[in-house]
Amino acid sequence: VNNDGGGIFSFLPIAKHGQDVSFDEFFGTPTRSFSFQQGAEAFGLAYNFSSSFETFKEVYQDALQNGQPCVIEAKVAGREANVDVHRRISQRAVDVITNELDRDVSNGGEK
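Residues numbered from 1 in each chain as written. Predicted model: local features only at pLDDT ≥ 70, side-chain atom pairs only at ≥ 80, totals over all residues. Heavy atoms only, no water.

A. Region of interest: the packing of aromatic side chains. Under the defined criterion, the tally for this structure stands at two aromatic pairs. Judged by centre distance (5.0 Å) and plane angle (85°), the ring pair of Phe34 and Phe36 falls under edge-to-face. The interplanar angle of 15° and the centroid separation of 5.7 Å between the aromatic rings of Phe56 and Tyr60 together place this pair among those described as stacked. Residue Phe56 and its partner Tyr60 are located together in helix 3 (residues 53-66), separated by four residues, close to a single helical turn. (Phe/Tyr/Trp six-rings, centres within 6.5 Å; stacked < 30°, edge-to-face > 60°. Helix = DSSP H or I, 4+ residues; strand = E, 2+ residues; numbered from the N terminus.)

B. The pairing of strand 1 (residues 46-50), seen in detail. As paired elements, strand 1 and strand 2 (residues 70-74) share five bridges and run parallel to each other. In the strand pairing of strand 2, Phe49 is matched with Glu73. In the classification by handedness, the crossover that spans strand 1, the intervening helix 3 and the parallel strand 2 is right-handed. (Pairing = 2+ DSSP bridges. Right-handed = clockwise from strand over helix to strand, strands pointing away.)

C. Layout of the layout of surface pockets. The space that makes up the largest pocket amounts to roughly 340 Å³. Contributing to the lining of the largest pocket are 16 residues, with Ser10, Ala15, Phe23, Arg79 and Glu80 lying nearest its centre. Every element with two or more residues in the lining of the largest pocket is listed here: helix 1 (23-26) and helix 4 (79-106). At five residues, the largest contribution of residues to the lining of the largest pocket is made by helix 4. Residue classes in the lining of the largest pocket are distributed as five nonpolar, three polar and eight charged. (1 Å grid on protein atoms, 1.4 Å probe; cavity = no way out; pocket = protein on both sides within 12 Å on 5 of 7 lines; lining within 4 Å. Points joined across faces, edges and corners; volume = space filled by probe spheres on them. Nonpolar A, V, L, I, M, F, W, Y, C, P; charged D, E, K, R; others polar.)

Pasting the structure below:
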């Protein structure tokens, strides 16, 4: 999964300070300079690239049918987009739970 370095640290509060605190230098692990294709070739492995779920399914099925080891580079959302998506999913989960709890309380504990 190529999401430009994972970005787990992008969820920390310090991430919002970016270059003011040299965030990428100390916390980022960008993969812009790494070639997954060259890495695969260095080990004699086949390489495929996917930037969509549809193409991933295709190259994955091909890899299974081939039966040989390979590297499939799946390009996904970058770090900032990843954090935003997780925040929206978390907020939606909180909203659903809050609505259910509020409904439960207003019904006297009955559904």
